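Understanding the architecture of this molecule
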Amino acid sequence: MTALETYTRLQDNNPAALVDVRTQAEWTFVGVPDLRSIAGEPILVEWQGFPSSGPNPYFVRDLSELLAQKGLDQDASIYFLCRSGARSQAAAIALTQAGYSRCFNISDGFEGPLDGDGHRGTNSGWKAAGLPWIQS
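Figured I'd write up the structure that's included with this text.

Rules used throughout
- Residues numbered from 1 in each chain as written.
- Predicted model: local features only at pLDDT ≥ 70, side-chain atom pairs only at ≥ 80, totals over all residues.
- Heavy atoms only, no water.
- Helix = DSSP H or I, 4+ residues; strand = E, 2+ residues; numbered from the N terminus.
- Buried < 20%, exposed > 50% of the residue type's maximum accessible area, 1.4 Å probe, protein only.
- 1 Å grid on protein atoms, 1.4 Å probe; cavity = no way out; pocket = protein on both sides within 12 Å on 5 of 7 lines; lining within 4 Å.
- Points joined across faces, edges and corners; volume = space filled by probe spheres on them.
- Nonpolar A, V, L, I, M, F, W, Y, C, P; charged D, E, K, R; others polar.
- Pairing = 2+ DSSP bridges.

Section: unusual backbone geometry
Residues other than glycine seldom take positive phi values, yet A39 does so here, at roughly 55 degrees. By secondary structure assignment, the location of A39 is in the loop between β2 (32–33) and β3 (43–44). The class for A39 is exposed, based on a relative accessible area of 77%.

Here's what the structure looks like:
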């Protein structure tokens, strides 16, 4: 799914969650989706650590607990976001394998691929689609 398709579904589809699997550094310095206008907030769970880039062995457990705290079960629609769609795809697969039936990858991520000048966030992705986001 694209970022724009996901945002539309988050507006219309309950129960649902947006899970941002980037790193703490990315959330802090690049920004995060802002879902306040649709009475929501993204769930932030690192798929890989930084700077080690090693996988988070507790990802499925931690995310399952956070989803349960929000009252979301294994039939909820869960949309996964990373920088450009690779880590989020792996995360969506992992949660599907854990029994969640409606996991979707946001293929263009938060910033999308590099453009001709080597910059992200201009061609596709959450930012390029003009969707709301904040930076702390």
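There is more to say after this.
Considerations on the layout of surface pockets
Counted as a void, the largest pocket has a volume near 240 Å³. As for the largest pocket, its lining consists of 15 residues, and the residues nearest its centre are A16, A17, A39, G40 and E41. Taken together, the elements giving at least two residues each to the lining of the largest pocket come down to α1 (3–12) and β1 (16–20). A per-element tally of the lining of the largest pocket places β1 first, with 3 residues. Along the lines of polarity and charge, the residues of the lining of the largest pocket split into 9 nonpolar, 4 polar and 2 charged.

Looking at the pairing of β1
Of all the 5 residues making up β1, 5 are buried; the element is thus mostly covered by neighbouring parts of the structure. Of the two faces of β1, the one lined by A16, L18 and D20 and the one lined by A17 and V19 are each fully buried. Of the strand pairs in this sheet, β1 and strand β4 (residues 77–81) are connected by 5 bridges, and their pairing is parallel. Its bridge partner being in β4, A17 is matched across the sheet by I78. Pairing of β1 with β3, which is carried by 2 bridges, proceeds in the parallel orientation. Note on β3: the bridge partner recorded for D20 is L44.

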